[in-house]
Amino acid sequence: FCSEEIQDDAKKCKHCGEWFEANVGEVRFENKPSMWLFSIAKKWFLLIKEYWLIVLIASILILGFLWWEQESQYDEAQKALKNKDYDLALSKYEEYVKKYPDDYKWFNDKSLILHEKKQYQSAFDVISSIDISKIPSTNTWALWTIEGNKCLFLSSLKRLDEAEKHCDAVLSINPNDSQWLQLKSIIFDTRGRYWEALDLVNKAIANYNSSEYPFFW
């Protein structure tokens, strides 16, 4: 039985569709599983209908808490980074990436801290652990950032051939990006390709604007 209230002389349950055998007091189940599912769905609907305001408020509070927790951790990490307390900042990022292993932004920030600590290989390993296939192709900013940081970290490791490939990947997204034109010019200069480096510097200066990162040419 579905446990709903029915009349004593009822032959069929109006809630779940079950038939009653009056002569023996037993139930003859109709071969209609959809009626059983309908009964369960109806119970949940009535329950939510009665307590919808409580459910709504609880949902908002839970989502608000999760957002606040994320922002709070990020603010603490950023504050530690600003104070150059890299160990504290790194520990905050570590806590977060364990909870949200698919959030590329925190992996990216963690790799930058490792680079600041001159742990270049570790920085490259962290940025390389990001699964790019999970990032939408329309999110060019994320792809630009990841490829750019790979270029930066490989340059620090003196793996210039690989660095140049990632730098080209960044410039394929934005060919006039002053930041990465400058970095590629440094790679060329290190490899003795001075004229090519000069051309890139001139192009970077021509495309520079105040909204970009400050550079020291």
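Residues numbered from 1 in each chain as written. Predicted model: local features only at pLDDT ≥ 70, side-chain atom pairs only at ≥ 80, totals over all residues. Heavy atoms only, no water.

Caption draft 1: Here's a closer look at the packing of aromatic side chains. The tally for this structure, following the rule as stated, stands at one aromatic pair. The side chain of R159 reaches across the aromatic face of F124, ending 5.1 Å from its centre. For R193, the ring lying beneath its charged end belongs to F188, and the centroid distance is 3.9 Å. (Phe/Tyr/Trp six-rings, centres within 6.5 Å; stacked < 30°, edge-to-face > 60°. Lys NZ or Arg CZ within 6 Å of the ring centre and 35° of its normal.)

Caption draft 2: View of the pattern of salt bridges. Taken as a whole and judged by the stated rule, the model has seven salt bridges. K117 is paired through a salt bridge with D87; the nearest N and O atoms lie 2.5 Å apart. One end of the pair, K117, is in the loop between α3 (104-116) and α4 (120-128); the other, D87, is in helix α2 (residues 86-99), and 30 residues separate them in sequence. Residue classification places D87 among the exposed residues on the basis of a relative accessible area of 53%. R159 is paired through a salt bridge with E162; the nearest N and O atoms lie 2.9 Å apart. Owing to a relative accessible area of 28%, R159 belongs among the partly exposed residues under this scheme. Owing to a relative accessible area of 34%, E162 belongs among the partly exposed residues under this scheme. (Salt bridge = Lys/Arg side-chain N within 4 Å of Asp/Glu carboxyl O. Helix = DSSP H or I, 4+ residues; strand = E, 2+ residues; numbered from the N terminus. Buried < 20%, exposed > 50% of the residue type's maximum accessible area, 1.4 Å probe, protein only.)

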